[in-house]
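# Notes for the structure review
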Amino acid sequence: MTAFTVSLPLQSFPISYALWILPILYVVSTVFYRVFFHPLASYPGPFFAKFTELYPMLAMVKRNRIVWQYEMLQKYGSPVRVATNELFFSDMKSWSDIYGQSSSPCQKEKVFYDMFTVTGATSVLNERDKVQHSRLRRLLSHGFSLKALLQEQPLVQKKVDEYINIVIAPAAEKGQTVDIYTKLIEHYLDITSYLSFGESFDCVSGKALVTQHDMDQFMIVVPTQSFFPALRHFPIKSIQEAYRGLGKLIDFSRTRVRAFQSKLEKEGDQFAKGTFLRNLVDARDEETGGSKLTFEELVENTIIFLVAGSDTTAVTTTYVIWECGRKPEVRKKLVDEIRAAFPDPTVMPTYEETSKLPYLNAVIEEALRVWGPLSAGFPRVSPGRIIGEHYIPQGVVVSTSAYATARDPTVFPNPHVFQPERWLKATPEMRNMSRPFSYGPRNCIGKHLADINMNITLARLYQLYDIENDPSMTEEMMAPNDRGVTSPVGSKLLVRPRRAGALVP
Ligand code: HEM
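Residues numbered from 1 in each chain as written. Predicted model: local features only at pLDDT ≥ 70, side-chain atom pairs only at ≥ 80, totals over all residues. Heavy atoms only, no water.

Under the annotation held in an unreviewed UniProt entry, the chain carries the name Cytochrome P450 and is attributed to Cladophialophora chaetospira. We quote the UniProt Cofactor (unreviewed entry) comment for the chain here in full: "heme". (UniProt positions renumbered as here; feature names shortened; annotations may be inferred.)

If you want it as structure tokens, here you go:
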């Protein structure tokens, strides 16, 4: 009996010891491998990045991905190892190696892009398979061509005047201050929703079938729910409210797509000709045996257009106005150019005319370079190939930081300074390094729409009004806040509009 009680701890000792020692050995050997023998072991970067995913996660939570990526590249050079299996680049060649056309492309990274689905269906944004993506892109390309979009120009012009009459004119009349940013999101949402569904949300006029607030819930709920599917059951008021907003958006899209399909069946093909939905519903992809988009694909894609098309364009327009507000010499040149081109206030500028105004386009290019709303590195997975100067093994997550390449001082002297003049003599290097719409087969499909929207809105605004920043606006309030789309941290830009000529620029 005594022998048994004494020997029991001795017999069990090695087992309990092993229970502790094995996990410790596993952790130590994993860290040791990742630091010294991992294929990325020789790349520079912060020490903890060698064996954790801590830094990218922290940057996401702190909403400062773009600035953090830039700081990493500044400190360690390109490429920098920012997590066990992840590299950032900031050289010109990495743009084409990572994002360019290729028979073995770097595919979009699964965890990141799986976050961006509302209904569970895939969209042109998050489809990773090359063949399936090409099919979606082909089906959509006609609707997003400059030619097709210009047929809808009268709608854009009408919405621009509506925005000005409802938002700007009353403030100018009464000498009041107005928040231009929030209303710009609504303005572009009104245009994109019309182009998507053949029916505008009409947020600016107050009809608001779906509000900008409902749209905002996408960014709050959608990325989080892919990690925490149970999120929707949390009895927290703000979460429940966010799901209600998202639900409204999905219901609206489903109803519109259904109504659209049945109208098309009953009335034939003579209605809503220029809308994206019309092109999507009709489109057949001959290369995949005449396949059409499913109902859920139609709903998912139209929602993605709304999300991708409104905030991005509004942020860029807002930063143009902010920069012109704090740089009177820039504002004067812009206003002079626009008013010389369109002296008659009863004549609305067209895109064809505004696209020929060098200074207006230089101001927009510079706003996209300095304040691009999607300038974080978009993650791709190496198929095992040379990127930049290095062979990057299969499975490594890679990206080029658009924010960093657009700040390369050898290409953009004084890179942090807003200087539209630099674009008046743009070099090929400048175009290669400033890529606000990304590059290659996964670049922005909505670029032409963004150009048309921004050119007409800005030309009309400065044709009719002098606009000053409200003195309460500070640089801190305009600092970029990375919520997926990078927008001013203060979520507003207060301005004082006055009828043209009231200010001496
Ligand atoms: C100033 C405005 C805009 C900027 C700076 C911008 C920028 C970008 C960038 C950088 C990407 C690549 C994202 C990635 O690799 O994951 C992208 C993709 C995309 N954008 Fe835009 N965008 C703008 C406006 C628009 C508009 C107006 C629409 C449509 C209504 C749109 C629809 C899309 C879609 C559908 C994709 C995914 C394309 C694909 O993966 O094939 N964007 N955009």
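Having seen the structure, we can now continue with the description.
## Structural notes on the overall build of the chain
Counting its secondary structure elements, the chain contains 19 helices and twelve strands. A compact globule built from 505 residues should have a C-alpha radius of gyration of about 23 Å, and the chain, at 26 Å, falls within 12% of that. Projected onto its principal axes, the C-alpha coordinates of the chain cover approximately 105 × 60 × 50 Å. Looking at the chain as a whole, 53% of its 505 residues are labelled buried. Across the chain, the fraction of contacts at a sequence separation of at least 24, relative to all contacts at a separation of at least 6, is 72%. Total accessible area on the chain stands at roughly 23000 Å², and carbon and sulfur atoms take up 60% of it. (Helix = DSSP H or I, 4+ residues; strand = E, 2+ residues; numbered from the N terminus. Rg over C-alpha atoms; globule rule 2.2 N^0.38 Å. Buried < 20%, exposed > 50% of the residue type's maximum accessible area, 1.4 Å probe, protein only. Contact = heavy atoms within 4.5 Å. Areas by Shrake-Rupley, 256 points an atom, 1.4 Å probe, with all protein chains shown as cover.)

## With respect to the site of the ligand
Neighbouring residues of the ligand: 28 residues in total, closest Tyr113, His133, Arg137, Arg380 and Cys444. Here Arg137 contributes a side-chain N or O atom positioned 2.7 Å from an oxygen atom of the ligand. One of the side-chain nitrogen or oxygen atoms of Arg380 is found 2.9 Å away from an oxygen atom of the ligand. Placement of the ligand is best described as lying within the largest cavity. (Near = heavy atom within 4 Å. Polar contact = N/O pair within 3.5 Å; in protein donor to acceptor, adjacent residues only side chain to side chain. 1 Å grid on protein atoms, 1.4 Å probe; cavity = no way out; pocket = protein on both sides within 12 Å on 5 of 7 lines; lining within 4 Å. Sits in = over half its atoms within 2 Å of the grid points.)

## Brief notes about the packing of aromatic side chains
Tallying each qualifying case throughout the model produces 18 aromatic pairs. For the ring pair Phe32 and Phe37, a centre distance of 6.0 Å and an interplane angle of 55° mean the geometry is tilted. Look at Phe37 and you get exposed, because its relative accessible area is 57%. One Lys or Arg, Arg369, reaches over the ring of Phe412 and ends 5.0 Å from the middle of that ring. The ring of Phe437 carries the charged tip of Lys447 above its face, separated from the ring centre by 5.2 Å. (Phe/Tyr/Trp six-rings, centres within 6.5 Å; stacked < 30°, edge-to-face > 60°. Lys NZ or Arg CZ within 6 Å of the ring centre and 35° of its normal.)

## Re the sheet that holds strand S3 (residues 107–108)
Read from one edge to the other, the open sheet built from five strands follows the order S1-S2-S8-S5-S3, with strand pairing classed as mixed. The outermost strands of the open sheet, each flanked by one partner alone, are strand S1 (80–83) and S3. (Pairing = 2+ DSSP bridges.)

## Let's talk about the sheet that holds strand S12 (residues 494–499)
Reading across from one edge, S4-S12-S9 is the order of the three strands in this open sheet, with antiparallel pairing throughout. In this open sheet, the two strands that pair with only one neighbour each are strand S4 (178–179) and strand S9 (465–469). Note that S9 and S12 share five bridges and pair antiparallel. Considered in S12, the bridge of Glu468 is made with Arg496. Contacts between helix H13 (residues 295–326) and the sheet are confined to S9 and S12, with S9 contributing the most and set at about 80° to the helix. Along the sheet, helix H19 (residues 447–464) makes contact with S9 and S12, crossing S9 at roughly 100°. (Axes fitted to C-alpha atoms, helices over the stretch in contact; angles between N-to-C directions.)

## Side note on the pairing of S1
Pairing geometry for S1 and strand S2 (residues 86–89), over three bridges, is antiparallel. Opposite Arg81, over in S2, you have Leu87 as the bridge partner. Following S1, the chain reverses through two residues before pairing antiparallel with S2.

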